[in-house]
Amino acid sequence: KIAESANLDKGLGSAIGRLPAKVLSNIFDYHLIDSDHLSRGSDPSPMQLARVCRRWRDVAVGMAELW
């Protein structure tokens, strides 16, 4: 069961990794605009997105409208 879960995670990660930068930027925009549903302790800032991985950081940093 653990191996199945690990394989599922790998597939999801690679699918997200193949998203074009424009799609990721749209998702980031939505995340920050729709952050009202987050708990008060959550950090909806662009820095939260930039901490996920190098690619996400590159996309977030390249979005002037986030900063």
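Data block above holds the structure.
What counts, and at which threshold
Residues numbered from 1 in each chain as written. Predicted model: local features only at pLDDT ≥ 70, side-chain atom pairs only at ≥ 80, totals over all residues. Heavy atoms only, no water. Axes fitted to C-alpha atoms, helices over the stretch in contact; angles between N-to-C directions. Helix = DSSP H or I, 4+ residues; strand = E, 2+ residues; numbered from the N terminus. Parallel < 35°, antiparallel > 145°, perpendicular 65-115°, else oblique. Contact = heavy atoms within 4.5 Å. Nonpolar A, V, L, I, M, F, W, Y, C, P; charged D, E, K, R; others polar. Core = buried A, V, L, I, M, F, W, Y, C linked by side-chain atoms within 4.5 Å. Buried < 20%, exposed > 50% of the residue type's maximum accessible area, 1.4 Å probe, protein only. Expected span 1.5 Å × (residues − 1). Arc of directions from axis to C-beta. Patch = residues over 30% accessible without salt bridge, like charges linked within 9 Å, V, L, I, M, F, W, Y side chains within 5 Å. Areas by Shrake-Rupley, 256 points an atom, 1.4 Å probe, with all protein chains shown as cover. Salt bridge = Lys/Arg side-chain N within 4 Å of Asp/Glu carboxyl O.

Asks: Now, about the packing of helix 2 (residues 21-33) against helix 4 (residues 54-61): what can you tell me, with residues and values included?
Replies: Put simply, helix 2 and helix 4 touch, their axes get as near as 10 Å, and they point 75 degrees apart. With respect to their mutual orientation, helix 2 and helix 4 come out roughly perpendicular. Taking contact as the criterion, the partners of Ala-21, Leu-24, Ser-25 and Phe-28 in helix 2 are, on helix 4, Arg-55, Trp-56, Val-59 and Ala-60. Its residues placed into classes, the contact of helix 2 with helix 4 shows six nonpolar, one polar and one charged.

Asks: Requested: an account of the nonpolar core, with residues and values cited.
Replies: A general tendency of soluble globular proteins is for nonpolar side chains to be buried together. By size, the foremost hydrophobic cluster in this structure holds ten residues: Leu-24, Phe-28, Leu-32, Leu-49, Ala-50, Trp-56, Val-59, Ala-60, Met-63 and Leu-66. Every element with two or more residues in this core is listed here: helix 2, helix 3 (46-50) and helix 4.

Asks: Go over helix 2 with me, naming the residues and quoting the values.
Replies: The end-to-end C-alpha separation of helix 2 is 18 Å, in line with the 18 Å expected for 13 residues at 1.5 Å each. Buried within helix 2 are the following residues: Leu-24, Ser-25, Phe-28, His-31 and Leu-32. An end-on view of helix 2 places all buried positions within 120 degrees of arc, on one side of the element. For helix 2, the exposed residues set more than 90 degrees away from the buried face come down to Lys-22, Tyr-30 and Ile-33. Structurally, helix 2 contributes buried residues whose contacts are with helix 3 and helix 4.

Asks: With reference to specific residues and values, describe a nonpolar patch on the surface.
Replies: A cluster of nonpolar residues, Met-47, Val-61 and Trp-67, forms a patch on the protein surface that exposes about 330 Å² of accessible area. Summarising the element assignment, Val-61 is placed in helix 4. Residue Val-61 is classed as exposed on the basis of its relative accessible area, which comes to 54%.

Asks: Tell me about the side chain of Ser-25, and please be specific about residues and values.
Replies: Tracing the backbone through its elements, the reader meets Ser-25 in helix 2. When its relative accessible area of 9% is taken as the criterion, Ser-25 is described as buried. Those residues in contact with Ser-25 that lie beyond four places of it in its chain are Val-59 and Met-63.

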